[in-house]
Each structure stands twice: as C-alpha cells, then as structure tokens.
Amino acid sequence: MKQAAITLAADRGRVHSPAAPPEDSPLAISGLTVSYGDKPAVFSVDATFAPEAMTAIIGPNGAGKSTLLKASLGVIPRVSGEVTVFGRPIERARERIAYVPQRASVDWDFPTTVIDVVLMGLYRRIGLVRRIGRANRDTALECLDRVGMADFAHRQIGQLSGGQQQRVFLARALAQDADLYLLDEPFAGVDAATERAIIDVLKALKAQSRAVVCVHHDLATVRAYFDHVFLINVRRIAQGTVEEAFTSENLQATYGGRLATGHIDQLSLPGQQVS
Amino acid sequence: MNPLAEALLLQAGYNAALVGIGAGLLGFAAGAAGTFLFLRKRALVSDAVAHATLPGVGLAFIVMVMAGGDGRNLLGLLAGSAVSAWVGLWLVQWMTRTTRLSEDAAIGAVLSVFFGLGIVILTVIQTMSSGRQAGLESFLLGSTAGMLFNDALIIAIGGSLAVIATWLLRRPMTLVSFDPDYAAASGTNVDRIDLAMMGLVMAVTVIGLKLVGLILIIALLIIPPVTARFWTERSDHVIWWAGIFGGVSGYVGAAISASAPALPTGAIIVLVAAGLFGLSLLFAPARGVAAAVLRHRRFQWRVHRRQGLLAMARAEPIHDPFTLRVLGSEGLVRRDGVPTDAGRAQAAKIARDERRWDVARQIHLDAGLTGRYDGLTPIEQVFTPDEIAEFDARIGGPAPVATQGGH
Amino acid sequence: MGAQFVQFSLTPILIGIFAAIACALPGNFLVLRRQALIGDAISHVVLPGIVVAFLITGTVAAIPMLLGAAGAAIVAVILIEAIKRLGRIEPGAAMGVTFTTLFAAGVLLLDQSDTSNVHLDVEHALMGNLESLIWFRAEGWHSLFDPVALAALPDELGRIFVVCLLVIALTVFFWRPLKISTFDEGFAQALGLPVGAMGFGLVVVAAIAAVAAFDAVGSIIVIAMFICPPAAARLMTNSLERQVWWSVGFATLAAILGYVFAGYGPLWFGGQNAVSAAGMIAAVSGVILGLACLYGPHRSRVGAARQQADA
C-alpha cells in the first residue's frame, strides 16, 4: 500500500509503541465505537494493554471510560470494533477474565450473604449442578481473607458499607483466578483503608504476572498506583507508560479546559513534560 | 346515513350521544391524568387502583341492599369502589415505604388480592336473593348495553368534572411530575399534589368502571400518555396530546360500538387507542421506529465511513467487511481494498481536520467545544471559518498528504 | 376425613397446591428482578390466547387452548420487549399498553365469535373452576390404589402436576445462572452467560406455569401466587435459598387455607353456599403477605441498601 504515514498529533499515543503485540496482549481493542443514541460515547478506539502491568483508564466524566470496558466485555452492544483477549476472540477467553462492575450497578438488597457472592466467582468452575464443596468454601474464604473481609463471610450484603461492598466484589474476582482483571472505578466512594487494601491486592496480582486494568478517576493517585495509562475522551488521546503518556500535554488534551495547567503541575509530573 | 357516521354525529339516540360525549371527556381526563403517572414512572399504579375497586363495588351493593335500597344505584356503587381503591392505593404506598418490597411487587400484591377478594364478595352476592340479577359482572368489562339514562348522565357529568379538575391542577402537576425535587424546593407541597393526582386517577377509574370496565380503564390511563410521548419532548405538551388521544379514542370508540350490535364498548375504545399508539410507535417523526432505524443506519454508515478513512489516512489496512462495503459503495476503495484517488482525497481532508482539531483543542481550553471532538462532528459545525483559517495558519501550510513510495 | 373428602376436596386442594408452587417458584425471581407485574400481564393475555385457539380449532379441548394461551403469553412478552426497546418506553408502561390491548382484543373476539354454546367466558377465565375439579370415582382413601378410579382423576391434576415438576426441575438446574444474572447482570454477561436468553426463558417458564395454572384455577390465583408468596418470603429471610422454601410453604398454605375457607367458611357464618375458592386463595395469600409486612423478621431495608433505595 502506497501511503505515507501522516503523523497525526492526535495519534501521539502511537508514537510510543504499545508494550506488546496484540497477540500477547491481555486485552487488545481495535476500532471500537459505541453510541448512546446518535452520539458516539466511544469513537474508533484502539487500545493494546500491557501484560503484567497495572493500567489506569483515565478521562473526564462522560468520556466513555466505563463504556469502553463494558463494550469490550459485551455488556453493552458496540457499533463496530473487535476485542481480543490474549490473542483470542473474547467469547473464547471468558475464563481468563475477571470483571469487577461498579458498585452501584447491583441491588444490594438482594437476599444473599457475602460468601455467596464470592462463590459466584467459582460458578464457572463448579458448573450448573455440582454441589459446592468444602474446598470451594475454603477458596472463597481465602479470597475474602485477602481483602480483609473474612470476618464478614456470613453477613447479609445489604449490611455492608460501600468500601466493604467493593472489597467483596474484588474477592469475587479473585475467586475467578483470572489472568486479566478489569475493574470499573474500584476506588469510587470507598474509605482510605479500603483503597489501601484494594491497591495492595492489585499489586500482588501484578506480582503474580496478571494484568490489571482499572477505570480510574483520581489523577492524584495515578503515579503511585499504576504503571501504564490510557487516556480517553470519546476518542483515544494517548496510551503508554506513566512516564511516557501521563503528561500535562496529554492531560490537557484529554480534559480540555477542565484542568488548569497549574493543577496539572501539582500532580508532580516529570519536569521535562511541563510546557 | 350509515350507523357509524350517525353515531359520530350524535344521531344514534339520546343515550348513545351522552355515552359518546361522556367517553370522549373521560378519555381526555384519563389521558391527561395518566400522563402524570407515566411521567413519574408509575404507570401501573393505575393497574392496582382499577383492580382494587372491585371489592368496593361488591360491598357497596351488599350495604345498599341491607339498608333496604336498590343495590344497583350507580352512585352508591361508585362511592364504594372509590373507597376500596383508596385503601388499595394506601396499601401500595405503605408497603413500598415501610418494607423492603419494591413498588411493582406491592402493586401486584394489592391488585391480585383485592381482585380475589372482590370475586369472593361477588360469589357471596350471587347467593343473596336479590343478587342474582345484580349484573355487577358488567363492572369487569364495562357495558353500555341497557344503560339507564341516569347512568349515562353520571358518566357525562363525571367526565366533565374530571376534565375541569385536570385543567385546574395542570401547572402544579406538571411541575411535580417533571421535577419533584425542584417543585419541593420552590415551595410546592409535593405530597399534596401527589395526592390530588392519585385522586384524579381514582376519579377517572371510578367513572370509567361502568363504561369500559375495571380492566380496560387501565388502558385509557396508560396508552394515551405513551402515545403522546412519541409526538413531543415537552411534558406540558404531553398532557394535552395525551388528553386529545384519549378523548378521540373514547369518542370514536363509543361511536363505533354504538353503530353495531354486540360490539363491546370498552374493548373498542381500547383498540382505537392501541391503534393510535401503534401508528405513533412506527411512524412518529422523531421517536418513531421507522425514523430511528433510518437514523441508526445512517449513523452506523457514518461511523464506518469515518473509521475507514481514518485508517486510510494512517495507511493502516482495513479489515472490517462492513467498513469496506461502505467505502466501496462510495467509490473510496477498490474491490481489493486499495484506496481510490477519491478515497485518498477524502482521507486527506479527514487528516487535515484531525490536525485542525488538534490545534483547536490546544488553543481553546473550553471543554464544551473540545468535548465535541467525538469523531463525527464536522469541525465546520463547531468553529467559524475564521477560526479554522487560524488553525490552518498554525498547522503551517498544507501538509503533504500522499507521497509516492511509502516510507 | 373420609370418602367425601377424597371425592370432593382432595383433587382441588392438590391442584391448588401444585398451581401455587408452579407460579411461586418463578415468582421469586420475577419479584427480585422488579418484574413482578409480568405475571399480571401474562395472566391477562391468556384470554385472547384461548379465544384465538378456539376460533382456529373450533373445539374447547384442553391442549389447543393451552397452546393458544402459551402462544399469547409469548407474543405479549415479545411485544413488551419490543415496545420497551423500540419506543424507549419504561417497562411498566410497555406492559400496561400490551396487556390491556391484547385483553381488549380478546374481549372483542369473544363477543364476535359464537362461543355461547361452549363454556368459554371471561368469568371462567378469571375465576377458574377449582370447585368443580372433583374426583368423581373416588370412594375413599383406598381409591388412591385403585387403577380404575385413578384413571378418572381430572385431567387438570395431571397437567398441573407435570408442569409443577418441570418448573421445579428447571429452577434447580438453572439455579446458579439464574441467581447470578438476577443479582448482577453485568457480571453474568462478563462471565459469558446468555443473560438475555435467561431472562426470556424465565418469563417463558412463568408463562407456562401461568397457563397450566390458569386452566385449573383461573387467572386471579396466578397473579397472586406469582407475587404474594415470594414477596412475603422475602420478608422472612435474607437468603435466596431459604426465601424460595418459604415461598413454597406460603403458597401451599394459601392454597389449603383458601380452599378450606371458601368451602367451609360460609357454613361457619351460617351461610349455605361456598364462595369462590380462587378468590379466597388469593385473599389468604394477601393476609399472609400482610402479616409478613407487619411482623416478618427481615421486613425493612438495612444499611447501604437503604441508602441506595433512598437515593
């Protein structure tokens, strides 16, 4: 094909080549478009997430962060686009994914207990009718223990605080023992102790060579928590390691006027990036 | 003159004319009152209210007979139905507030239990000596056959009163159904308006019992507002549209059923309303299905065209078959996927617009403007020609778009 | 409790119990999914279904009627879904539009067709004829072992029994996916569960239960049993497993007490004729729900769920 590469400034994320070729990437998205009505919520997004890393999906409210995640998983329909997980179509790689939805997406008045919710993470392995054995319960309890919720195993889920609910959701994902963890705003509205507990668990996952992708809204903690960022505002703005892509220039492009330059400076960005 | 035209022109007898006018007025009031329920997403509350009238009808009959009167007095029966509907409504609200049950469960519980109770009472009445010919079953499905002049008069007067009440309450009710929080903040007593709204729904239900029956009156409270929603986005307009749809359904339906024997009035009225709904669902200009399908196809087309051209501009291969079809049918790529000259020109334009956007987003820190960088909005729609010229100046002359020989 | 009971009361009570359980089981999930009123909608569209079946086949045989009713229920479910999606109308209103329209069509068809000589009327559809489903050939408990007498059991009993077993089997088999997709649809989808098909399947099972129950006991019980026992059960426990057991217990209790009160209640008050058993069963289930609302140990929302509801 005889075409010169036109380096679009909007494509600056591409300048830093993706950390891995799509075949090895835990999650590779190409040409993903999602719309609510006639307005694109996500437009033609390409993304290749890095293995054995923690990536934050960042962007202003309504920028399509959660939409990107949900459409990748098939939770909401997409207008176009393809998604592969470890090089295979997502439909054939479900068992390698653990998904932690937003807390508010479920009815917390549902008649069930904490350990029951965690056991849901094992259903794929237990199957339709096999009895839940002691080993399964022990696994569930161990996952609860990892998020510091073992004492709450037999509580009704409606009695939990927001942070505790989030930890239970994370424990359910741990029970899935997946290779790719997708979390939708795991730190939204949780207490400081929970935030610390969650980040410790996620870092431990990374240490076990799992990939973690979080929809994240708090710019102040990006540097401390994540290795990679993906900046989105309906379209992909930039992607790369935190050093490469989490720059004031990219943030400006992502947030527009909402983020004053002075504010970006306070985020302790690498000096050479501040214009 | 044929019977339908006769009935439509109120020439089919005194009773039929009164019933027609009453049905029209009732339909109007039902449509308008139902709008408030619909906008507050409580459409099926009317379901509970309607079914809850049955035990009241039965008990009123028994009380009137025991008091030595005629059990069939319509006003008495309607009063009884109003009382039991009120109790049913109160129970729905009590359950929703004090227990963990959701409103739909409360509605279903009240409607089935009250209806069951009503049936029990009806079987009791059938065993009473004066009960065999009570004809209370007509309240299930409504019946205008053998309707007394007084009954028709009650329907006509009741319908008029309901319309007047709707008119008087329209402003506060619009406010409350549109934005209850704002209404409360601006000093409206939301609870009292809610109460009035429910009162109106109950009144419409009770008046409609004899005409369309307690199951089908629900239709008059739900279908016209849903129909109206297709034609306007403004809540104050929805009320009047719903009233008109309801009124037309009631009047035309009553006329059709008066024009031939054995056409059940209630069913015909509901089917006329449903017909209007079906037409609106399919063909309404903005929210109709036909319009939506068309819009969605166009949208999908635009997305794929744009994505294809973007890929072309970046010299990336295009795999998506639909994208290739879109570009192919516009003559932008050849069958083997290689861009044509026209395609290259388009891609160049898109590449230039992307660069313009880029500059625009650097200059204008206004998120409202840059937020429209969604891939589909043409830059010309957002910025003036002067501004675009300025972007071009910053880009620094036309960029080379397609050079031979690749990298 | 002798021959008379077996002859006149045993089969209606059993039919009532099976119908109540068959409806209450899917009802648990419908109530939790905020779809309780699907049962209401389904039971209203049964009428046009059987009328159309009658018009097509010309008979009032049970099987065509049941197929017609089931067909109408499925049509209604599809219509509701279509109106909801295509017209972007909230579910309650879409249901209201659909079932009233279909019911009106049924009433019109019924009035227009010559069904006066057959037993097909609205009242029957609503109230059923539980009282008449007696076991004529029975002479006492020993008839339970008499093949000749057993062959004369009312057909309705066999049908509702089979449907009840089917519903139980499906509930047990699909328990886990049903539970996950009811609690957390997004998670279920991410697991790759066919969430849409599960939801539709649930409604279809509810429709089958409703139609079979309707055949014997009329549509009032159907609506009441879909909602009242599960709703009351929800207020008794915080475990879905126990909730389902409670709902089965409540459904059984309502069926037995309702039948007994309808048959013998009037006698206690000096009346002579029984009242509608279907109506009474619905009323008893309402009383059970009322008691659960007043005294159920888990009747109110707690903690975060409460804030969620208030928000």
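Residues numbered from 1 in each chain as written. Chains lettered and ligands numbered in written order. Predicted model: local features only at pLDDT ≥ 70, side-chain atom pairs only at ≥ 80, totals over all residues. Heavy atoms only, no water.

1. Details of the overall build of chain B
Assigned secondary structure in chain B consists of 18 helices and 0 strands. For chain B, the C-alpha radius of gyration of 31 Å lies well beyond 22 Å, the compact-globule estimate for 407 residues. With the C-alpha coordinates of chain B rotated into their principal frame, the extents come out at 105 × 55 × 35 Å. Sorting the 407 residues of chain B into buried and exposed places 54% on the buried side. The contacts of chain B with a sequence gap of at least 6 include a subset with a gap of at least 24, amounting to 67%. Within the structure as shown, chain B displays about 16,900 Å² of accessible surface, and the carbon and sulfur contribution to it stands at 63%. With 32 positive and 28 negative side-chain charges, chain B shows a spacing of 2 Å between the two charge centroids. (Helix = DSSP H or I, 4+ residues; strand = E, 2+ residues; numbered from the N terminus. Rg over C-alpha atoms; globule rule 2.2 N^0.38 Å. Buried < 20%, exposed > 50% of the residue type's maximum accessible area, 1.4 Å probe, protein only. Contact = heavy atoms within 4.5 Å. Areas by Shrake-Rupley, 256 points an atom, 1.4 Å probe, with all protein chains shown as cover. Lys, Arg positive; Asp, Glu negative; His and termini not counted. Charge placed at Lys NZ, Arg CZ, Asp CG, Glu CD.)

2. Looking at the overall build of chain C
Counting secondary structure elements, chain C contains 14 helices and 0 strands. Ordered by position from N to C terminus, the α and β elements of chain C give α-α-α-α-α-α-α-α-α-α-α-α-α-α. For 311 residues, the compact-globule estimate of 2.2 N^0.38 gives 19 Å, and chain C sits close to it at 20 Å. Per-residue burial over chain C gives 60% buried out of 311 residues. At a minimum sequence separation of 6, the contacts of chain C that also span at least 24 residues come to 72%. Accessible surface, chain C: about 11,900 Å² in total, of which carbon and sulfur atoms supply 68%. On chain C, the mean spot of the 14 positive side-chain charges and the mean spot of the 17 negative ones are 17 Å from each other.

3. Topic: a nonpolar patch on the surface
A contiguous nonpolar patch, built from Tyr14(B), Phe149(B), Leu153(B), Ile157(B), Leu161(B), Ile164(B), Trp167(B) and Leu168(B) and spanning about 860 Å² of accessible area, is present on the exposed surface. Broken down by element, the nonpolar patch gets its largest block of residues, 7 residues, from helix 8 (residues 149–178) of chain B. (Patch = residues over 30% accessible without salt bridge, like charges linked within 9 Å, V, L, I, M, F, W, Y side chains within 5 Å. Salt bridge = Lys/Arg side-chain N within 4 Å of Asp/Glu carboxyl O.)

4. Here's the deal with the side chain of Gln239(A)
All names here are of chain A. Relative to the helices and strands, Gln239 resides in strand 10 (residues 235–241). Polar contacts involving the side chain of Gln239 include one to the main-chain carbonyl oxygen of Thr48, which spans 2.8 Å. Reaching out from Gln239, the side chain makes a polar contact with the side chain of Arg236 at a distance of 3.5 Å. (Polar contact = N/O pair within 3.5 Å; in protein donor to acceptor, adjacent residues only side chain to side chain.)

5. Looking at the interface of chain C and chain A
In this complex, chain C contributes 28 residues to the contact, which on the side of chain A involves 37 residues. Here chain C meets chain A over a buried area of about 2,900 Å², counting both sides, of which 60% is carbon and sulfur. Of all residues in chain C, Arg176(C), Phe183(C) and Phe187(C) give up the largest surface area on contact with chain A, accounting jointly for 28% of the area buried on that side. Connecting chain C to chain A are 4 salt bridges. Taking the shortest distance from any N to any O, the salt bridge between Asp184(C) and Arg172(A) comes out at 2.7 Å. Here chain C is connected to chain A by 9 residue pairs in polar contact (both at pLDDT 80 or more). Among the elements of the structure, helix 8 (175–183), helix 9 (185–190), helix 12 (240–268) and helix 14 (303–310) of chain C are those that each provide at least two residues to the side of chain C that touches chain A. Take the side of chain C that touches chain A: its biggest share by element is 6 residues, from helix 8 of chain C. Looking at side-chain class alone, the side of chain C that touches chain A contains 12 nonpolar, 9 polar and 7 charged residues. (Buried area = accessible area lost by both parts, 1.4 Å probe. Nonpolar A, V, L, I, M, F, W, Y, C, P; charged D, E, K, R; others polar.)

6. Things to note about the domain arrangement of chain B
Taken domain by domain, chain B holds domain 1 (3–283) and domain 2 (290–395). Relative placement of domain 1 of chain B and domain 2 of chain B: their C-alpha centres are 54 Å apart. (Domains from an automatic or database assignment.)

7. Re a negative patch on the surface
Residues Asp138(A), Glu142(A), Asp145(A) and Asp151(A) make up a contiguous surface patch of negative charge. Residue class for Asp151(A) comes out exposed when judged on its relative accessible area of 77%.

8. Considering the side chain of Ser280(B)
Residues and elements named next belong to chain B. By secondary structure assignment, the location of Ser280 is in helix 12 (residues 265–283). Under the relative-accessibility criterion, Ser280 is labelled buried at 2%. Among the polar contacts listed, one links the side chain of Ser280 to the backbone oxygen of Leu276, at a separation of 2.8 Å.

9. Overview of the sheet that holds strand 5 (residues 88–89) of chain A
Sheet strands associate in pairs through backbone hydrogen bonding, adopting either a parallel or an antiparallel arrangement. The 4 strands are arranged 2-1-4-5 (chain A) in an open sheet whose pairing can be described as antiparallel. The open sheet is flanked by strand 2 (39–48) and strand 5 of chain A, the only strands paired with a single partner. Across the sheet, helix 2 (residues 65–73) of chain A touches strand 1 (28–36), strand 2 and strand 4 (80–85) of chain A, and the angle it forms with strand 1 of chain A is around 110°. Contacts from helix 13 (residues 289–313) of chain B reach strand 1, strand 2 and strand 4 of chain A within the one sheet, and its direction differs from that of strand 2 of chain A by about 35°. (Pairing = 2+ DSSP bridges. Axes fitted to C-alpha atoms, helices over the stretch in contact; angles between N-to-C directions.)

10. Quick word on the interface of chain C and chain B
Taken together, the 58 residues of chain C in the interface contact 56 residues of chain B. Here chain C packs against chain B, burying approximately 4,600 Å² in sum over the two surfaces, 76% of which is carbon and sulfur. It is Leu37(C), Glu90(C) and Arg301(C) that lose the most area in chain C upon contact with chain B, and together they represent 12% of the buried surface on that side. Taken together, the links from chain C to chain B amount to 0 salt bridges. Applying the counting criterion to the chain C and chain B interface returns 9 residue pairs in polar contact (both at pLDDT 80 or more). Looking at the side of chain C that touches chain B, the elements that each hand over two or more residues are helix 2 (37–57), helix 3 (62–86), helix 4 (91–112), helix 5 (122–127), helix 11 (219–234) and helix 13 (277–295) of chain C. Counting residues per element, the side of chain C that touches chain B draws most heavily on helix 4 of chain C, at 15 residues. In the side of chain C that touches chain B, the residues fall into 33 nonpolar, 16 polar and 9 charged.

11. Quick look at the sheet that holds strand 8 (residues 211–215) of chain A
All names here are of chain A. Taking strand neighbours across the sheet as the criterion, the 6 strands line up as 6-7-8-3-9-10 in an open arrangement whose pairing is mixed. Strands at the two margins of the open sheet, each flanked by one partner only, are strand 6 (97–100) and strand 10. The mean inter-strand angle of the sheet, taken between neighbouring strand axes irrespective of direction, is 15°. Inspection of the sheet shows strand 9 (residues 228–233) paired to strand 10 by 6 bridges, in the antiparallel sense. Each residue of the ladder has a partner; that of Ile232, found in strand 10, is Arg236. Seen against the sheet, helix 6 (residues 162–175) touches strand 6 and strand 7 (180–184) and runs at an angle of roughly 170° to strand 6. In this fold helix 7 (residues 192–207) packs onto strand 3 (54–58), strand 7 and strand 8, with an angle of close to 125° to the strand it touches most, strand 3.

12. Some thoughts on the packing of helix 6 (residues 103–127) of chain B against helix 11 of chain C
The N-to-C vectors of helix 6 of chain B and helix 11 of chain C enclose an angle of 145°; their axes lie 9 Å apart at closest approach. Pair helix 6 of chain B / helix 11 of chain C crosses with left-handed handedness. Every residue of helix 11 of chain C that contacts helix 6 of chain B at Ala105(B), Gly108(B), Ala109(B), Leu111(B), Ser112(B), Val113(B), Phe115(B), Gly116(B) and Ile119(B) is listed here: Ile220(C), Ile223(C), Ala224(C), Ile227(C) and Cys228(C). Taken together, the residues that form the contact of helix 6 of chain B with helix 11 of chain C break down as 11 nonpolar, 3 polar and no charged. (Left-handed = near helix turned anticlockwise from the far one by under 90°.)

13. Things to note about the pattern of salt bridges
Residue and element names in this part refer to chain B. By the definition in use, this model includes 21 salt bridges over all chains. Of the charged contacts in the structure, one is a salt bridge between Glu233 and Arg229, with a shortest N-O distance of 3.4 Å. The buried category is assigned to Arg229, whose relative accessible area is 18%. Asp353 is paired through a salt bridge with Arg356; the nearest N and O atoms lie 3.1 Å apart.

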